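Structural features, examined
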Amino acid sequence: MASEALDSHKRHYEHFENASVELHEPPLRSYLFLSVLSCFCPAYPVNIVALVFSFMSRRSHDNGDYDGSRRLGKNALYVAVASIIIGLLVIALSCIVHFSTVSSLF
């Protein structure tokens, strides 16, 4: 009985020893859609940087540099969110200034 268990474990080990290991590539997270969306906000130098980081993330992923792609994707996310926040602040300040000034009709 002990020899049967030993043979079973040996066959199990040989199966895994001969099996080929397939590495799956991680999903692409370049946040391209968010970067393009941020381009509609009035914070032009910042949102262009987000778009460039997104393209660089895609290129790194295509070249097989998954760590670099993940790092650049995070940078694209952070810059795109900052661009959207800056854009919303600019729009809010513009509306406040526009509607708080008294215009003379005479």
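Throughout, residues of each chain are indexed from 1 in the direction in which the sequence is written. At least 70 in pLDDT is required for a residue's local features to be given in this predicted model, at least 80 for side-chain atom pairs to be given and counted, and no such filter applies to totals for whole chains, interfaces and linings, which use all residues. Just so you know, side-chain values use all the structure's heavy atoms and leave hydrogens and water out.

What follows covers the packing of helix α3 (residues 44-62) against helix α4 (residues 66-100). As a packed pair, α3 and α4 sit with axes 8 Å apart at the nearest point and diverge in direction by 160°. When the axis of α3 is compared with that of α4, the two are roughly antiparallel. Viewed along their axes, α3 and α4 form a crossing whose handedness is left-handed. Within the contact between the two elements, α3 uses Val46, Asn47, Val49, Ala50, Phe53, Ser54, Met56, Ser57, Ser60 and His61 and α4 uses Tyr66, Gly68, Ser69, Leu72, Gly73, Asn75, Ala76, Val79, Ala80, Ser83 and Ile86. Residues that form the contact of α3 with α4 fall into these classes: eleven nonpolar, ten polar and no charged. The axes are straight lines fitted to the C-alpha atoms, using for helices just the contacting stretch, and the angles between their N-to-C directions are given from 0 to 180°. To qualify as a helix, a DSSP run of H or I must reach at least 4 residues; to qualify as a strand, a run of E must reach at least 2; elements of each kind are numbered from the N terminus. Working definition: roughly parallel below 35 degrees, roughly antiparallel above 145 degrees, roughly perpendicular at 65 to 115 degrees, and oblique for all remaining angles. A crossing counts as left-handed when the near helix is turned anticlockwise from the far one by less than a right angle, and as right-handed when that turn is clockwise. Only heavy atoms matter for contacts: two residues are in contact if any of them lie within 4.5 Å across the pair. Under the grouping applied here, Gly and all other residues not named as nonpolar or charged are polar, the nonpolar ones being Ala, Val, Leu, Ile, Met, Phe, Trp, Tyr, Cys and Pro and the charged ones Asp, Glu, Lys and Arg.

The subject of this paragraph is the layout of surface pockets. In the cavity and pocket records, a cavity denotes points on a 1 Å grid over the protein atoms alone where a 1.4 Å probe fits but cannot get out, a pocket denotes an open set with protein on both sides within 12 Å along at least 5 of 7 lines, and lining residues are residues with an atom within 4 Å of a point. Grid points are joined across faces, edges and corners, and a volume is the space filled by probe spheres set on the points. Considered as a void within the structure, the largest pocket measures approximately 170 Å³ in volume. Around the largest pocket, the lining residues are Pro26, Pro27, Leu28, Arg29, Tyr31, His61, Tyr66, Asp67, Ser69, Arg70, Gly73 and Lys74. In terms of residues, the lining of the largest pocket owes the most to one element, α4, which gives six residues. Grouping the constituent residues of the lining of the largest pocket by class yields five nonpolar, three polar and four charged.

Turning next to a nonpolar patch on the surface. Residues with no salt bridge and a relative accessible area higher than 30% make up the patches, which join like charges within 9 Å and nonpolar side chains (Val, Leu, Ile, Met, Phe, Trp, Tyr) within 5 Å. The method behind every accessible area is Shrake-Rupley, applied with a 1.4 Å probe, and residues are considered shielded solely by the protein chains displayed. By definition, a salt bridge exists where a carboxyl oxygen of Asp or Glu is found within 4 Å of a side-chain nitrogen of Lys or Arg. On the surface, Phe33, Val36, Leu37 and Phe40 cluster together into a nonpolar patch covering about 480 Å² of accessible area. Tracing the sequence through the fold places Val36 in helix α2 (residues 32-38). Burial classes follow relative accessibility: with a 1.4 Å probe on protein chains only, a residue under 20% of its type's maximum area counts as buried, one over 50% as exposed, and anything between as partly exposed. Note on Val36: relative accessible area 38%, which makes it partly exposed.

Attention now moves to α3. How far a helix is expected to stretch is found by multiplying one less than its residue total by 1.5 Å. Its 19 residues place the ends of α3 28 Å apart at the C-alpha level, agreeing with the 27 Å of an ideal helix rising 1.5 Å per residue. Along α3, the positions that sit buried rather than exposed are Asn47, Ala50, Leu51, Ser54, Ser57, Ser60 and His61. Tucked inside the fold, the buried residues of α3 contact α2 and α4. Phi for Gly64, located one or two positions after α3, is positive at around 95°.

Structurally, Ser57 can be placed in helix α3. A relative accessible area of 0% means that Ser57 is categorised as buried.

Our focus in this paragraph is α4. For α4, spanning 35 residues, the distance from its first C-alpha to its last is 50 Å, which sits close to the expected 51 Å at 1.5 Å a residue. Restricting attention to buried positions, one finds in α4 the residues Gly68, Ser69, Leu72, Gly73, Ala76, Val79, Ala80, Ser83 and Gly87. Contacts made by the buried residues of α4 are with α2 and α3. Nitrogen and oxygen atoms within 3.5 Å of one another constitute a polar contact, given that in protein one can donate a hydrogen and the other can accept it, and given that sequence-neighbouring residues count only through two side-chain atoms. The N-cap residue of α4 is Asp65: its side-chain oxygen and the backbone nitrogen of Gly68 are 3.2 Å apart.

Read these as geometric descriptors, not functional statements.
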